[in-house]
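Structural characterization, general
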Amino acid sequence: MKILVVGGGGREHALCWKLSRSPVVTEVICAPGNGGIADCARCVPTPAADVEGLLALARHENVDLVVVGPEAPLVAGLVDRLDEAGIPAFGPSAAAARLEGSKAFSKEFMVRHGIPTARFSAHEVLDDALAEIDRRNGPCVVKADGLAAGKGVILCASPAEARDAVRAILCDGAFGTAGARVVIEDFLCGEEASILAICDGTDFITLMAAQDHKAAYDGDTGPNTGGMGAYCPAPVVTPALRQQIIAQVITPTVRGMAADGHPFRGILYAGMMIDGDRISVLEFNVRFGDPECQPLLAMLESDLAPVLLAASRGALKGTTLAWRDGAALCVVLAAGGYPGNYTTGDEITGLAEAAAVPRAVVFHAGTRASDGRIHTAGGRVLGVTGTGASLREAADNAYAACDCIHFNGMRLRRDIGHRALKSLERM
Ligand code: AMP
Ligand code: GLY
């Protein structure tokens, strides 16, 4: 198989790394890739947003499968265009990608299909949104409807904050056209975890539960980021909760999307809030989470290529996945200032030393290679994943590799996995 992976972050490096190890894969091409992906795939400089360019590339290279990493090309209809051209693709159609592309669509879908989620309303008119905030008269969450690179969610402790948030979104264009509509919903408490499922339109297989760390600083403080680290399995998702999430969320979503005429093929990512035995969907994503993808693929024993091909053909039934024992934990090395302004072009050293640490692997997110050197080229620069017999061992291996790496302003959280490590230590 010749596979084209679309994207150029840590998620795509992990995908290229895993797919390139498959005995049935002859070549992995990545568009546009990054400085580290070049080690396991041929990088082609077509941007992930260039739907027509990617279609032409897939045709020209005569690939057997396209695996789409990020959400934007999915929402823009890349998979629809590949389908029309008869090129197998793993990822949802634009209609199915609305589960992530429009929060109002996804909330209405959940209500219609009885999927547990926070009570909500959607508004395009400022006065209606303000009236809803008055009615609620308490904490709430305000979300821009469309794609906002993970930044469109504002947690509001008071009606005054909520009023500011809807004004910023609806009137000041804080998130551009993604903010033409706002969703206002109940503020939920609990612990977050994610369950991802590989779906073929009818059937699905779930992956291990993972937990992301969205806040920038230790102790879950500071601004929200794309994710500063992740690990799996997440023990907060007990076997009973896992079954509950499959029964109450994944199954009705896959059935509901098919019944509504938009069968879901690709990765269904359910971001859950868990409070005792109460579960609630915070968001759906329609692709692998980043960084969650990195520890998940480090744990996956099975060959991924035939599974994604089967899913793209609607032929997943009967497929099972084998997992390694133990746990995996990924620490993101970010540029100083991220998620705000940061510099790029700083040289990264110690990558060879990090790669030599047993049971650690370094995936590149925002890097560029030139003259045999690697420089920073993004906010999230590297993802360092450790595996081990226990989560503690996985964390020790990941941090041992992190400690080999250096670049100007490098910043990382030192407490990735803290919730699980604390609960495991209590046991
Ligand atoms: P989303 O992009 O919708 O997942 O939101 C990003 C983050 O905001 C989530 O990972 C949660 O930490 C938080 N969040 C979203 N919705 C809620 C909610 N209804 N209650 C509390 N926190 C939320
Ligand atoms: N890490 C969260 C996401 O990929 O949306």
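A brief report on the enclosed structure follows.

How each quantity is defined
Residues numbered from 1 in each chain as written. Chains lettered and ligands numbered in written order. Predicted model: local features only at pLDDT ≥ 70, side-chain atom pairs only at ≥ 80, totals over all residues. Heavy atoms only, no water. Helix = DSSP H or I, 4+ residues; strand = E, 2+ residues; numbered from the N terminus. Buried < 20%, exposed > 50% of the residue type's maximum accessible area, 1.4 Å probe, protein only. Contact = heavy atoms within 4.5 Å. Areas by Shrake-Rupley, 256 points an atom, 1.4 Å probe, with all protein chains shown as cover. Lys, Arg positive; Asp, Glu negative; His and termini not counted. Charge placed at Lys NZ, Arg CZ, Asp CG, Glu CD. Near = heavy atom within 4 Å. Polar contact = N/O pair within 3.5 Å; in protein donor to acceptor, adjacent residues only side chain to side chain. Nonpolar A, V, L, I, M, F, W, Y, C, P; charged D, E, K, R; others polar. Axes fitted to C-alpha atoms, helices over the stretch in contact; angles between N-to-C directions. Parallel < 35°, antiparallel > 145°, perpendicular 65-115°, else oblique. Pairing = 2+ DSSP bridges. Patch = residues over 30% accessible without salt bridge, like charges linked within 9 Å, V, L, I, M, F, W, Y side chains within 5 Å. Salt bridge = Lys/Arg side-chain N within 4 Å of Asp/Glu carboxyl O.

**Observations concerning the overall build of the protein chain**
Of regular secondary structure, the protein chain possesses 14 helices and 22 strands. Counting the 427 residues in the protein chain, one finds 59% classified as buried. Excluding contacts between residues fewer than 6 apart, the proportion of contacts in the protein chain whose partners are at least 24 apart in sequence is 69%. Approximately 16,700 Å² of the protein chain is accessible, and the part contributed by carbon and sulfur atoms is 51%. Put simply, the protein chain has 39 plus and 49 minus side-chain charges, and the middle of one group is 2 Å from the middle of the other.

**Observations regarding the site of ligand 1**
Close to ligand 1 lie 13 residues, the nearest being Glu 185, Asp 186, Leu 188, Glu 192 and Glu 283. Leu 188 is positioned with one of its backbone polar atoms (N or O) 2.8 Å from a nitrogen atom of ligand 1. Glu 283 is positioned with one of its side-chain polar atoms (N or O) 2.9 Å from an oxygen atom of ligand 1. For ligand 1, the protein covers 93% of the area, taking 470 Å² as the surface of the free molecule. When contributions to the shell around ligand 1 are tallied by element, the ones reaching two or more residues are strand S7 (140–144), strand S8 (153–156) and strand S17 (278–285). Here the shell around ligand 1 is composed, by residue class, of 6 nonpolar, no polar and 7 charged.

**A closer look at the packing of helix H5 (residues 94–101) against helix H6 (residues 103–112)**
For the pair H5 and H6, the least separation of the axes is 6 Å and the interaxial angle reads 95°. In this view, H5 runs roughly perpendicular relative to H6, as classed from their interaxial angle. Taking contact as the criterion, the partners of Ala 95, Arg 98, Leu 99 and Gly 101 in H5 are, on H6, Lys 103, Phe 105, Ser 106 and Phe 109. The residue makeup of the contact of H5 with H6, split by class, is 4 nonpolar, 2 polar and 2 charged.

**Let's talk about the site of ligand 2**
Taken together, the neighbourhood of ligand 2 is formed by Asp 212, Gly 226, Tyr 269, Asn 285, Arg 287, Gly 289, Asp 290, Pro 291 and Glu 292. Between ligand 2 and the protein, one listed contact pairs an oxygen atom with a side-chain N or O atom of Asn 285 at 3.3 Å. Take Asp 290: an N or O atom from its main chain is 2.9 Å from a nitrogen atom of ligand 2. When ligand 2 is considered free in solution it has 200 Å² of accessible area, and contact with the protein chains removes 89% of it.

**Brief notes about the sheet that holds strand S1 (residues 2–7)**
Taken in spatial order, the 5 strands of this open sheet run S3-S2-S1-S4-S5, and their pairing is parallel. Two strands close off the open sheet at either side, each with one partner strand: strand S3 (42–43) and strand S5 (89–90). Where strand S4 (residues 65–68) and S5 come together, 2 bridges link them in parallel fashion. Pairing of Val 67 across the sheet is with Phe 90, part of S5. Against the sheet, helix H1 (residues 10–20) contacts S1, strand S2 (27–32) and S4, and its axis sits at roughly 170° relative to S1.

**Notes on a nonpolar patch on the surface**
Residues Val 153, Leu 155 and Phe 187 make up a contiguous nonpolar surface patch of about 250 Å² in total accessible area. Among the secondary structure elements, Val 153 is positioned in strand S8. On the basis of relative accessible area, Val 153 is assigned to the partly exposed category, the value being 31%.

**Regarding the pairing of strand S15 (residues 229–232)**
Side chains of S15 alternate between two faces, with Gly 229 and Tyr 231 and Ala 230 and Cys 232 buried alike. Summarising the sheet, strand S12 (residues 211–212) and S15 pair through 2 bridges and their orientation is antiparallel. Pairing of Asp 212 across the sheet is with Ala 230, part of S15. Of the pairings in the sheet, the one linking S15 to strand S18 (residues 327–334) comprises 4 bridges and is antiparallel in character. Each bridged residue has a counterpart across the sheet, and for Tyr 231 the counterpart in S18 is Leu 329.

**Re the sheet that holds S15**
Spatially, S12-S15-S18-S22-S19 is the arrangement adopted by the 5 strands of the open sheet, whose pairing is antiparallel. Edge positions in the sheet fall to S12 and strand S19 (360–364), since each has one partner strand and no second. Strand direction decides the pairing type here: S18 and strand S22 (residues 380–388), joined by 8 bridges, are antiparallel. Paired with Val 331 across the two strands is Val 384, which belongs to S22.

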